[in-house]
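Secondary and tertiary structure notes
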Amino acid sequence: MSVAAPEEGAAGQVRVFAQYDGDVRERCDVVVVGSGPCGSVMAYELAAAGLDVVLLEEGPPYTPDDFALDGATSMVRTMRESGLRATRGTLLTTMQANVLGGGSVVNSAICARPPEFVFEAWRSNFDLEHTGREALDPHYDAVADFLGIAPTPDDVQGDRNLLFRQGCDALGISSEPIARNVRGCVGSGECFTGCRARAKQSMDLSYVPAAIRAGARVLTSVQVQEVRAQGRRVTGVAGQIVAPFTGKPGARFEVEARAVVLAAGVMATPVILQKSGNLANGSGQVGRNLQFHPGTATIGVFPDPVQPYFGATQGYQSLHYLRDGFKLETLWAPPGVFGVRMPGFGHDLKRRLAELSRASIFDAIASCHNSTGEVRARRGRSMNPSLRWRFDPQDVQVLGHASWVLAELLFAAGAHKVLPGIHGVAEEMHSLDEARVLQTREFAAGDFVNASTHAFCSTRMHGDPSQGVVDEFGRCHDLDNLWLADTGIFPRCTSVNPMFTGMALAHRSAGVVKEAL
Amino acid sequence: MPLGQAVAWILGAGLVAAGLWRVFGGHPQPAEPPQRLSRRELGFLTAASDTLYPPGGAIAESGSEAGIPAYTDRYVASLPGPVGLLMRLLFFLVEHATIAFWAPGPAGWRRFSALSPEQRTAWLDGWRTSRLPPRRLVFTSLRAILAMGYFADPSVLRQVGLAPRAIDSPVVEADLLYPPVGRGPEAIRYRREDLTPPGAARVLALDAPLHPDYAPRADGSAS
């Protein structure tokens, strides 16, 4: 895709909050709910095929002037529930973006294809015949070509990413530059608060404008609260216009359509179905099987300045331990986020904070198949979910193993101390010997500050209609013209960052929707 | 009234008065009128932020000098009602939990903001290292809010070398489609001829100038 000039009047195909002066009614072939990575791919592919598409998004579009550089303000503006969403059971903080482009606006653009063993587990456990790497590779390729997905080049890695490579080399484990949907990265490390350099090909800059060029209409600041159905067919969606940032509800809207694609996200799609009279739930699986990739991050402090403000937010990764249940990555975030992690008080704390310019942060995300939960609609009008999740003790040990490897990696990269950020062990470790406690300790879920932005499986696919909500092409088993297209349809977590797989599956599903219409 | 009953009434009234004083009394007036938080909540935040980030040391500013109480006031005002309420309950809980968990030293039952700096540090450290996960969670939640506020201060960010750099955002196709948040399409200020040509991006230099909001003011005062 190259920089393209939109047709004159294309801006008229986008409606924003300031333009609504009463109830809204639209009619189309396909209404797509959610403009995140999966919904945007769907909207573009279907519009490009000549279908009349309406794309709905609860959040507003953002311009660079709208990005807030401090973490807390950014989360209030771009996330549902101000970025303070958490599960009950085992406490885990998680997020759902609320902006045109969805999570792609505030993620670090990682595009990873899961290895075949992940799909082999999907196929053998969930009666799926057509969902393997070989079958999906053409769809990954199509999305990669469109977004310019490529490995992060060395000139924007910066020291903190290159130290990861150095550590992996020293330990003799594999590593690779992270492939990202980025064109012309300047290395500002600001992916999580929105790319001011407009290099990240988030959906609002890529697939959504392309969908508009292909004729799609985009309604922003609209919250879908109901899917309407008659018998085995859905007839459209309805909801309310909501104000940016505050979510204050206003006038009503409805969209009649020949087909509906729900791509509202793992934590919103089940709520919409449950609030629509428990729609598509013949299997009883809507909202169940919720999985995450819980993560842990370790800070390494190096003798020399690392200048961590420069470099790709996440530029290097290692898949070496994927079969052991975790993936290793580099990480950067707004400084306040790391300020939260720094142990201690008073002048000790300040001394540690002043060392941030010599710090590099590596993290691990764990494949926690045994740790599951559920998404439930709350009573009343709220569309926010009630989440429950339990961190299985076996999976906790996987994260414990990962924390040992992270410490090993940081020392191998030349760190003179590491801060594991885990309750019950030393706050600062000055040698590998000191860190060995991470190798032998029996960890509890509460030892970690649990967080995850990767969520899965709340409307899972399954070949058996009594075991899953959708088939492997995203079509609901119970309804002829309702498709689901977000990472909720994954039958298990992907072990790697999920965005790319979600987009590839959406690309494939779009072909099926086209044929069905 | 029998003497015993009178004494009980006097003691009861005294306890109520002490309770009211504990919650409402003796808080300094803030310099700026707050947006959402009360004077006593700002007083608590000043005490908590200066416990975590005292004056001097590796970073010059204390928590209150870095504007954490005012930042938190704006932050809470921006939160949806129930979330903001939970946050204020958190402040109340920490301010008054000394009734149940006394701080070490004399009169450790006083509200948190009335304790000495040494007592505050020791008491909060007890929450941080507690074996009870809910107590650690309370501490982590409080520290998260204070840390976000501390690192929102431009001077703090400059001192740790992490202030954002100036970036000229190129004009892309999306800028011809979307107005700024809250505005209508008449606020779209770009046209086709304004589009930045592909390949114009330049990698950020290590000595790139700071973002204007984070640069020192021309008169040398702290921004």
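Preceding this paragraph is the structure being described.
Overview of the structure. (Residues numbered from 1 in each chain as written. Chains lettered and ligands numbered in written order. Predicted model: local features only at pLDDT ≥ 70, side-chain atom pairs only at ≥ 80, totals over all residues. Heavy atoms only, no water.)

1. Side note on the environment of G89 of chain A
Residue and element names in this part refer to chain A.
- The topology assignment puts G89 in strand β5 (residues 88-89).
- For G89, a relative accessible area of 62% translates into the label exposed.
- Along the sequence, G89 and F245 sit 156 residues apart, while their C-alpha atoms lie 29 Å from each other.
- Ignoring any residue separated from it by four or fewer positions in sequence, one finds G89 in contact with R388 and W389. (Helix = DSSP H or I, 4+ residues; strand = E, 2+ residues; numbered from the N terminus. Buried < 20%, exposed > 50% of the residue type's maximum accessible area, 1.4 Å probe, protein only. Contact = heavy atoms within 4.5 Å.)

2. Things to note about the pairing of strand β15 (residues 295-301) of chain A
All names here are of chain A.
- Counting buried positions along β15 yields 7 of 7 residues, so the element is predominantly enclosed.
- Alternating positions in β15 separate into two faces, G295, A297, I299 and V301 on one and T296, T298 and G300 on the other, with burial throughout.
- The pairing of β15 with strand β18 (residues 359-366) spans 7 bridges and is classified as antiparallel. Within β18, the position partnered with T296 by the bridge is A364.
- Bridge count between β15 and strand β21 (residues 417-419): 3 bridges; the pairing is antiparallel. The partner of I299 across the bridge, within β21, is L419. (Pairing = 2+ DSSP bridges.)

3. Quick word on the interface of chain A and chain B
- In this complex, chain A contributes 77 residues to the contact, which on the side of chain B involves 72 residues.
- Buried surface at the junction of chain A and chain B, both sides included, amounts to about 5,900 Å², of which 68% is carbon and sulfur.
- A per-residue breakdown of the area chain A buries against chain B is headed by Y309, F345 and K350 of chain A, which together make up 14% of the total.
- For R128 of chain B, the salt bridge goes to E427 of chain A, with nearest N and O atoms at 2.1 Å.
- Joining chain A to chain B, the criterion identifies 22 residue pairs in polar contact (both at pLDDT 80 or more).
- Sorting the residues of the side of chain A that touches chain B by element identifies α2 (71-78), α6 (207-213), α8 (335-341) and α9 (346-354) of chain A as the ones contributing at least two each. (Buried area = accessible area lost by both parts, 1.4 Å probe. Salt bridge = Lys/Arg side-chain N within 4 Å of Asp/Glu carboxyl O. Polar contact = N/O pair within 3.5 Å; in protein donor to acceptor, adjacent residues only side chain to side chain.)

4. Some details on the nonpolar core
- The biggest cluster of nonpolar side chains holds 142 residues, and the ones touching the most others in it are L56, V237, L328 and L482 of chain A.
- The element that contributes the greatest number of residues to this core is helix α10 (residues 393-412) of chain A, accounting for 11 residues.
- When residues of this core are assigned to domains, at least three fall in each of domain 1 (14-70 + 198-289 + 456-516) and domain 2 (79-96 + 152-197 + 291-455) of chain A.
- Filtering out sequence-adjacent residues up to four positions away, L328 of chain A remains in contact with F164, I173, Y316, Q317, S318, Y321, D363, A364, V405, L406 and L409 of chain A.
- Within the second largest apolar cluster, 84 residues are counted, among which are M75 and A359 of chain A together with M148 and A152 of chain B. (Core = buried A, V, L, I, M, F, W, Y, C linked by side-chain atoms within 4.5 Å. Domains from an automatic or database assignment.)

5. Digging into the packing of aromatic side chains
- Counted according to the given criterion, the structure contains 24 aromatic pairs over all chains.
- Here the aromatic rings of W122 of chain A and F490 of chain A are separated by 5.3 Å at their centres, their planes lie at 50°, and the arrangement is tilted. Of the two residues, W122 of chain A sits in helix α3 (residues 116-126) while F490 of chain A sits in the loop between β23 (482-484) and α13 (499-516), which places them 368 residues apart along the sequence. For the residue pair W122 of chain A and F490 of chain A, the accessibility class agrees, reading buried in each case.
- An aromatic cluster is defined as three or more aromatic residues linked by ring pairs; in this entry it consists of F44, F91, F101, F112, W123 and W127 of chain B.
- A cation over a ring is seen here: R135 of chain B above W127 of chain B, with NZ or CZ 4.6 Å from the ring centre.
- Between R165 of chain B and the ring centre of Y309 of chain A, over which it is positioned, the NZ or CZ distance is 3.7 Å. (Phe/Tyr/Trp six-rings, centres within 6.5 Å; stacked < 30°, edge-to-face > 60°. Lys NZ or Arg CZ within 6 Å of the ring centre and 35° of its normal.)

6. So, the sheet that holds β5 of chain A
All names here are of chain A.
- In spatial order, the strands read β5-β20-β19; together these 3 strands make up an open sheet with mixed pairing. Both edges of this open sheet fall to β5 and β19 (373-377), since each of them pairs with a single strand only.
- Sheet topology note: the β19/strand β20 (residues 385-389) ladder contains 5 bridges and is antiparallel. Across the sheet, G373 pairs through a bridge with W389, a residue of β20.

7. Here's the deal with unusual backbone geometry
Residue and element names in this part refer to chain A.
- Unlike most non-glycine residues, S82 shows phi in positive territory, near 60°.
- Topologically, S82 is positioned in the loop between α2 and β4 (85-86).
- A residue is classified by how much of its surface remains accessible, and S82, at 3% relative accessible area, is buried.
- One non-glycine residue, F245, lies in positive phi territory at about 70°.
- As for its placement among the helices and strands, F245 is situated in the loop between β12 (233-242) and β13 (249-262).
- Residue F245 is classed as partly exposed on the basis of its relative accessible area, which comes to 38%.

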